[in-house]
Amino acid sequence: MAQEMLNFDYYNPTHIIFGKNRLEELNQVIPADKKVLLLYGGGSVKKFGTLDKVKAVLKTREIGGFGGIEANPTYETLIKAIKLVKEENYDFLLAVGGGSVIDGTKFVAAGALFDGDPINIFGSGIGENRPITEALPFGTVLTLPATGSEMNSGGVVTFVEKKAKLGFGSPFTYPVFSLLDPELTYTLPTRQLANGIMDAYVHVMEQYMTYPVGALLQDRYAESLLQTLIEIGPDVIDENNHDYNTRATFMWSATNALNGTLSRGVPQDWASHGLGHEITALYGIDHARTLAIVLPSLLNVRRNEKREKLVQYAERVWGVTTGTQDAKIDAAIAKTREFFESLGAGTKFSDYGLGEEVVDQLVDQLERHGLTSISERGDQTLEVSRQIYTNAL
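Going by an unreviewed UniProt entry, the protein chain carries the name NADH-dependent butanol dehydrogenase a and comes from Listeria seeligeri FSL N1-067.

Here it is, written out as structure tokens:
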């Protein structure tokens, strides 16, 4: 029996301010009476002057700063920011950076108003998984396209001591606005640009590579994003190529990959992210590169469960139109792996100096965090996840 598009609600209140020379508009979108805390990472926003530019725009306001948010934002660091917000009565937050800074700012915005210990925002054996019922208003100035966090309500936080990387989200943690200036990407190094392309690519895949439900528009939208990322990838990772349209397309593609449009009315499978987060938590490998390890292996192991969509992916995205279904699937997986490798990412554990010792450790982590029946059908057991990790050695 043919599947039907799923019921859905769609809500996205984030105001996008896109284009060149728009930093001055921060004064228009942040209420004049707000005490603003700028949150940022460390190196690049200071080194290349983005933070100074933001401060100059807001110079007539009462502002403060909290730096040092990591590439995988840690609970231990963000709790310090929550303390600062409470002690100094900040009532508007502004994230200046990439997805990690924005994710961290979302948690600070929620944690500052949370009733009780903010650790209870999280589940998976870390906290009580209590809902977020309010959050401070916040905006973002995006410097690294990748996560789509600038136009969604979710975030991911790393727990150093507990060796966990967990997500959270709420209708209260959408940015009020996000300012997207493609020229702010001109200072990014090749590694970060490549990570952004891969992260966006896998975001699309997690919402697309499931099973058909007759969602023709969502499928075509996903496929167009995948083809666009494939097309612009080689130019984007050239850190000396400052073609505005290339970077603008990159930035808007990454935003659209995870702003909620693709996922409406379709099943989703976030298993690649779940398995990848455990790799980052234990071994510190860049998030996007863990996805490059996991996704090709997952597609191979789960080929029967995803057969219809894999064949569609092969034909529509990669132009593989001849051969048996399995031949098409093999070609699509190989081309996906080659694409990630062309961006400079290893797609095997061995590329990162890791061997079979990782499998038991990673599966133990999945079990500890309750990731025992994941995927679009909930049928990816620990044993299947073990096969995926093993296939990626």
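Bringing the packing of helix α6 (residues 190-208) against helix α12 (residues 325-342) into the picture now. Across the interface, α6 lies against α12 with an axial gap of 10 Å and an inter-helix angle of 155°. The angle between α6 and α12 falls in the class roughly antiparallel. Regarding α6 and α12, the two cross each other, and that crossing is left-handed. Touching Ile197, Met198, Tyr201 and Val202 of α6 are Thr336, Phe339 and Phe340, all from α12.

Let us look at the environment of Leu282. Within the fold, Leu282 resides in helix α9 (residues 271-283). Here the alpha-carbon distance between Leu282 and Gln365, two residues 83 residues apart in the chain, equals 8.9 Å. Contact partners of Leu282, with chain neighbours within four places excluded, come to Lys163, Gln361, Leu362 and Gln365.

Hydrogen bonding along the main chain pairs the strands of a sheet, whether they run parallel or antiparallel. Strand order in the open sheet made by the 6 strands is β1-β8-β5-β4-β2-β3, with parallel pairing throughout. Looking at strand neighbours, the two that pair on one side only are β1 (15-18) and β3 (63-66), the edges of this open sheet. This sheet shows a mean twist of 20° between the axes of neighbouring strands, independent of strand direction. Bridging between strand β2 (residues 36-40) and β3 involves 4 bridges; their strand directions are parallel. Across the sheet, the residue bridging to Leu38 is Gly65, located in β3. Each of β2, β3, β4 (92-98) and β5 (138-144) is contacted by helix α3 (residues 50-57), which is oriented at about 170° to β2, the strand it contacts most.

Taking 1.5 Å per residue as the helical rise, helix α5 (residues 99-111) with its 13 residues ought to reach 18 Å, and the 18 Å between its terminal C-alpha atoms agrees with that figure. Of all 13 residues that make up α5, 12 are buried, and the element is covered over most of its length. Residues Gly99, Val101, Ile102, Asp103, Gly104, Thr105, Lys106, Phe107, Val108, Ala109, Ala110 and Gly111 constitute the buried set of α5. On its buried face, α5 sits against β2, α4 (75-88), β4, β5, β6 (154-159) and β7 (164-169).

Criteria and thresholds
Residues numbered from 1 in each chain as written. Predicted model: local features only at pLDDT ≥ 70, side-chain atom pairs only at ≥ 80, totals over all residues. Heavy atoms only, no water. Axes fitted to C-alpha atoms, helices over the stretch in contact; angles between N-to-C directions. Helix = DSSP H or I, 4+ residues; strand = E, 2+ residues; numbered from the N terminus. Parallel < 35°, antiparallel > 145°, perpendicular 65-115°, else oblique. Left-handed = near helix turned anticlockwise from the far one by under 90°. Contact = heavy atoms within 4.5 Å. Pairing = 2+ DSSP bridges. Expected span 1.5 Å × (residues − 1). Buried < 20%, exposed > 50% of the residue type's maximum accessible area, 1.4 Å probe, protein only.

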